[in-house]
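Below, each chain spelled out in residue letters.
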Amino acid sequence: MTGILHRMGYQTIDVRPIAGALGAEIDGVDLSQPLDERTFDAVHRALLDHLVIFFRDQTLTPREQLVFARRFGGIHLHPFVKGLPDCPEIMPVIKEAGDTRTFGSAWHSDQMFTARPAMGTMLYAKAVPPVGGDTLYANMYMAYDALSDSMKDMLAALKTFSVGDRFKQAGGKSRAQRYAGTSKMGELLKDPGNVQTESAHPLIRTHPETGRKTLYIGSHAQRFKRMSDAESAPLLAFLKTHAVRPEFTCRFTWAEGSLAFWDNRCTQHFAIGDYDGHRREMHRITIAGDTPF
Ligand code: SIN
């Protein structure tokens with residue numbers, strides 16, 4: 001796929017890779033305006049080629065961000081966090097200067113714990129700290145391709161079992177207790193007990209648009225289906241470490257008005273929590289995805 005798309009080029013936009021593994025900045029697009037079909041197709045192709053794309057200096061209302069997001073599909077509402085009052089499809093991700101917890105500060109793929117995890121996530125920077133608060137991304141095609149043939153054969157039949165709240169599963173603090181008084185990422189939507197937060201998915205999934213195989217793993221994966229915790233732990237630990245080897249990653253430094261859009265089907269990401277004492281505010285929209293296969 002990548003080869004074909006590169007040969008087609010991007011006629012209406014300027015696409016500049018930011019690392020060897022994944023990630024590209026796109027210039028020449030004002031996301032507050034409706035995109036014509038050619039420009040939208042080029043942006044979509046850039047996402048499939050580069051896995052995470054970045055736009056700078058955008059001025060977007062919640063509605064304008066939503067209009068752009070909807071070009072990629074329906075909106076995946078977070079199962080247990082409320083969105084903005086006037087635009088519920090947008091989930092605020094806010095860390096106040098006094099907060100110590102950083103939302104998303106573990107390698108993960110969004111909503112892997114749901115039956116139909118989010119296809120993509122769009123994050124728009126409203127306020128950023130003077131330094132820090134970068135986001136890391138990792139390429140899960142590369143993570144899969146780098147495995148030996150024997151390991152690939154062995155993993156082919158496995159499914160991971162993911163949960164949205166491992167503390168709940170472990171009998172520790174509830175989700176409400178964990179979020180209270182720390183991050184203002186959004187009010188809890190329902191009692192955590194009422195929402196489905198557990199799912200089993202193929203460890204090796206096929207990207208529905210590119211047809212390529214990808215290692216589908218992240219911090220939500222707790223064990224392999226039909227294996228005990230003890231049996232799962234060594235292989236899970238190896239794969240979680242392998243998947244985010246530095247040469248599979250890129251790092252994005254935000255500025256106010258930056259927008260990132262990543263493909264959760266073939267990436268993981270990690271929000272770096274290195275800016276205590278400063279405020280960071282992002283507007284997040286997740287796009288609905290398919291049942292992984
Ligand atoms: C997330 O995991 O969606 C948040 C990423 C970030 O805040 O950089």
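Caption draft 1: Fine view of the packing of aromatic side chains. Scanning all chains against the criterion turns up nine aromatic pairs. Ring centres of Tyr 137 and Trp 262 lie 5.3 Å apart, and the angle between their planes is 55 degrees; this geometry places the pair in the tilted category. Separated by 125 residues along the polypeptide, Tyr 137 in strand 6 (residues 135-139) and Trp 262 in strand 13 (residues 259-263) bring together distant segments of the chain. The class for Tyr 137 is buried, based on a relative accessible area of 0%.

Caption draft 2: View of the site of the ligand. Taken together, Phe 103, Gly 104, His 108, Leu 123, Thr 135, Trp 262, His 269, Ala 271, Arg 280 and Arg 284 make up the full set of residues near the ligand. With respect to the ligand, the side chain of His 269 contributes an N or O atom lying 3.0 Å from an oxygen atom. Between the ligand and Arg 284, the relevant distance is 2.7 Å, taken from an oxygen atom to a side-chain nitrogen or oxygen of the residue. The fraction of the free accessible surface of the ligand (260 Å²) that becomes covered by protein chains is 100%. The pocket occupied by the ligand, as judged from atoms lying within 2 Å of grid points, is the largest cavity. When contributions to the shell around the ligand are tallied by element, the ones reaching two or more residues are strand 14 (267-271) and strand 15 (280-287). Considered class by class, the residues forming the shell around the ligand number four nonpolar, four polar and two charged.

Caption draft 3: The arrangement of empty space enclosed by the protein in detail. Under the definition given, this model contains two cavities of 30 Å³ or more. Empty space within the largest cavity amounts to approximately 110 Å³. Residue lining of the largest cavity: Val 93, Phe 103, Gly 104, His 108, Asp 110, Leu 123, Thr 135, Trp 262, His 269, Ala 271, Arg 280 and Arg 284, and that is the complete set. Here the residues of the lining of the largest cavity sort into five nonpolar, four polar and three charged. What the second largest cavity holds in volume is close to 60 Å³. Lining the second largest cavity are 10 residues, and of these Val 93, Lys 95, Phe 103, Tyr 275 and Arg 280 lie nearest its centre. Per-element tally for the lining of the second largest cavity: the top contributor is strand 4 (residues 91-95), with three residues. Residue composition of the lining of the second largest cavity, grouped by class: five nonpolar, two polar and three charged.

Caption draft 4: Looking closely at the layout of surface pockets. By volume, the second largest pocket amounts to about 150 Å³. Contributing to the lining of the second largest pocket are 14 residues, with Gly 20, Ala 21, Leu 22, Asp 49 and Asn 139 lying nearest its centre. Of all the secondary-structure elements, those providing two or more residues to the lining of the second largest pocket are helix 2 (37-50) and helix 4 (140-145). Partitioned by chemical class, the residues of the lining of the second largest pocket number seven nonpolar, five polar and two charged.

What counts as what
- Residues numbered from 1 in each chain as written.
- Predicted model: local features only at pLDDT ≥ 70, side-chain atom pairs only at ≥ 80, totals over all residues.
- Heavy atoms only, no water.
- Phe/Tyr/Trp six-rings, centres within 6.5 Å; stacked < 30°, edge-to-face > 60°.
- Helix = DSSP H or I, 4+ residues; strand = E, 2+ residues; numbered from the N terminus.
- Buried < 20%, exposed > 50% of the residue type's maximum accessible area, 1.4 Å probe, protein only.
- Near = heavy atom within 4 Å.
- Polar contact = N/O pair within 3.5 Å; in protein donor to acceptor, adjacent residues only side chain to side chain.
- Areas by Shrake-Rupley, 256 points an atom, 1.4 Å probe, with all protein chains shown as cover.
- 1 Å grid on protein atoms, 1.4 Å probe; cavity = no way out; pocket = protein on both sides within 12 Å on 5 of 7 lines; lining within 4 Å.
- Sits in = over half its atoms within 2 Å of the grid points.
- Nonpolar A, V, L, I, M, F, W, Y, C, P; charged D, E, K, R; others polar.
- Points joined across faces, edges and corners; volume = space filled by probe spheres on them.

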